[in-house]
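# Analysis of the macromolecular model
Residues per chain, in single letters:
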Amino acid sequence: MFYQVLKYVLLGPLLRLLFRPRVEGLEHVPEEGAAIIAGNHLSFSDHFLMPAVLSRRITFLAKQEYFTGPGLKGRLTAAFFRSAGQIPVDRSGKEAGQAAIREGLGVLAKGELLGIYPEGTRSHDGRLYKGKVGVAVMALTAGVPVIPCAMVGTFEIQPPGRVVPRIRRVTIRFGEPLDFSRYAGMQGQKAVVRAVTDEIMYEILALSGQEYVDEYAAKVKEAESASTPRKFPRRGR
């Protein structure tokens with residue numbers, strides 16, 4: 001119920017008014033039945049702008065940190081994401097990844113749309129990074145199509161670290177559904193799920209026009225953070 005209120009009364013109309021999103025390829029999103037929408041992830045705003053332009057409800061696998069933040073802000077954020085039907089995902093290890101896949105398959109089993117960002121985290125520099133294979137495992141296990149999606153311009157309105165987004169027009173592109181039925185029953189084969197994931201990322205790349213980096217975003221961010229010299233406060237004399 002709260003999802004509908006957000007989409008049609010509170011948040012959705014405001015987002016469409018402020019950002020005037022150009023929507024391309026919306027006809028590729030099925031009107032019914034289970035499907036995965038796999039997109040690039042450039043901004044916190046992505047969570048709200050994509051659902052605002054879809055006629056169907058979409059459930060995202062959201063990082064667990066959105067549900068466990070401290071203080072009043074943390075509680076409000078958690079309440080918002082829960083009310084919007086988003087699912088918390090622990091990204092701390094292999095077992096956590098399996099739990100996320102189970103949650104995603106549960107959404108698909110109900111014939112719903114599942115939203116996922118294969119990169120696993122927001123891009124910190126606007127580039128597109130290597131996709132994690134969970135999206136392929138879910139697509140092959142559930143036997144559902146994958147609709148690639150590109151958010152264009154959301155990095156510019158709200159890059160990492162910016163709390164209040166800039167008011168600029170954005171574009172949301174949906175590509176043709178990808179059918180992986182030729183790989184049915186092969187979700188346990190590493191080479192297959194890697195190939196399927198790479199195909200999905202290539203289609204996102206074609207829609208977004210981003211620079212591609214064949215490394216995981218989280219590892220690149222970690223390496224860059226480790227190489228940045230720490231700044232210590234100067235001591236007074």
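None of these values were measured; they are calculated from a predicted model.

## Brief notes about the overall build of the chain
Check the secondary structure of the chain and you find eight helices and nine strands. For the chain, the residues scored as buried account for 44% of the 237 residues in total. Sequence-distant contacts, at least 24 apart, represent 79% of the contacts inside the chain between residues at least 6 apart. As displayed, the chain has an accessible area near 12900 Å², and 54% of this comes from carbon and sulfur atoms.

## Section: the side chain of Asn-40
Relative to the helices and strands, Asn-40 resides in the loop between β2 (35-39) and α2 (46-53). A distance of 2.7 Å separates the side chain of Asn-40 from the backbone nitrogen of Met-151, its partner in a polar contact. Residues within four places of Asn-40 in sequence aside, it is in contact with Asp-46, Tyr-117, Glu-119, Leu-128, Cys-149, Ala-150, Met-151, Ile-204, Ser-208 and Gln-210.

## Things to note about the sheet that holds β2
If you trace the seven strands from one edge of the open sheet to the other, you get β1-β8-β7-β2-β5-β3-β4, paired in mixed fashion. In this open sheet, the two edge strands, each paired with only one partner strand, are β1 (22-24) and β4 (87-89). Sheet twist, expressed as the mean angle between neighbouring strand axes with direction ignored, is 25°. As paired strands, β2 and strand β7 (residues 146-152) are joined by four bridges and run parallel to one another. What sits directly across from Ile-37, in β7, is Ile-147. Packed on one face of the sheet, helix α7 (residues 190-208) meets β2, β7 and β8 (171-174) and runs near 35° to β7.

## Brief notes about the side chain of Thr-154
By secondary structure assignment, the location of Thr-154 is in helix α6 (residues 154-157). Under the relative-accessibility criterion, Thr-154 is labelled buried at 0%. Excluding residues that lie within four positions of it along the chain, Thr-154 makes contacts with Leu-42, Ser-43, Asp-46, Leu-49 and Val-170.

## Let's talk about a nonpolar patch on the surface
Taken together, the side chains of Leu-14, Leu-17, Leu-18 and Ile-167 define a hydrophobic patch exposed on the protein surface, amounting to about 380 Å² of accessible area. Within the secondary structure layout, Ile-167 lies in the loop between α6 and β8.

## Looking at the packing of helix α5 (residues 134-142) against α7
Contact geometry for α5 and α7: axes closest at 8 Å, N-to-C directions at 105°. Here α5 lies roughly perpendicular to α7, going by the angle between them. Residues Val-135, Ala-136, Val-137 and Leu-140 of α5 form the contact with α7, whose participating residues are Val-192, Val-193, Val-196, Thr-197 and Ile-200. Its residues placed into classes, the contact of α5 with α7 shows eight nonpolar, one polar and no charged.

## Examining the environment of Pro-51
Mapped onto the secondary structure, Pro-51 falls in helix α2. The class for Pro-51 is buried, based on a relative accessible area of 11%. Residues Pro-51 and Gly-12, spaced 39 residues apart in sequence, show a C-alpha to C-alpha distance of 8.1 Å.

## A word on the packing of aromatic side chains
The way to describe two aromatic rings as a pair is by their centre distance and the angle between their planes. In this structure the tally under the stated criterion is two aromatic pairs. Between the aromatic rings of Phe-44 and Phe-48, the centroid separation amounts to 5.3 Å while the plane-to-plane angle is 65°, which identifies the pairing as edge-to-face. Phe-44 gets classed as partly exposed once you look at its relative accessible area, which sits at 24%. Summarising the aromatic geometry, the rings of Phe-60 and Tyr-117 are spaced 5.4 Å apart at their centres and angled 20° between planes, so their arrangement reads as stacked. A residue pair is termed long-range when its members are at least 10 positions apart, and Phe-60 in strand β3 (residues 58-63) and Tyr-117 in the loop between β5 (113-116) and β6 (128-129) qualify at 57 residues. For Phe-60, a relative accessible area of 1% gives the class buried. Given a relative accessible area of 9%, Tyr-117 falls into the buried group.

Rules used throughout
Residues numbered from 1 in each chain as written. Predicted model: local features only at pLDDT ≥ 70, side-chain atom pairs only at ≥ 80, totals over all residues. Heavy atoms only, no water. Helix = DSSP H or I, 4+ residues; strand = E, 2+ residues; numbered from the N terminus. Buried < 20%, exposed > 50% of the residue type's maximum accessible area, 1.4 Å probe, protein only. Contact = heavy atoms within 4.5 Å. Areas by Shrake-Rupley, 256 points an atom, 1.4 Å probe, with all protein chains shown as cover. Polar contact = N/O pair within 3.5 Å; in protein donor to acceptor, adjacent residues only side chain to side chain. Pairing = 2+ DSSP bridges. Axes fitted to C-alpha atoms, helices over the stretch in contact; angles between N-to-C directions. Patch = residues over 30% accessible without salt bridge, like charges linked within 9 Å, V, L, I, M, F, W, Y side chains within 5 Å. Salt bridge = Lys/Arg side-chain N within 4 Å of Asp/Glu carboxyl O. Parallel < 35°, antiparallel > 145°, perpendicular 65-115°, else oblique. Nonpolar A, V, L, I, M, F, W, Y, C, P; charged D, E, K, R; others polar. Phe/Tyr/Trp six-rings, centres within 6.5 Å; stacked < 30°, edge-to-face > 60°.

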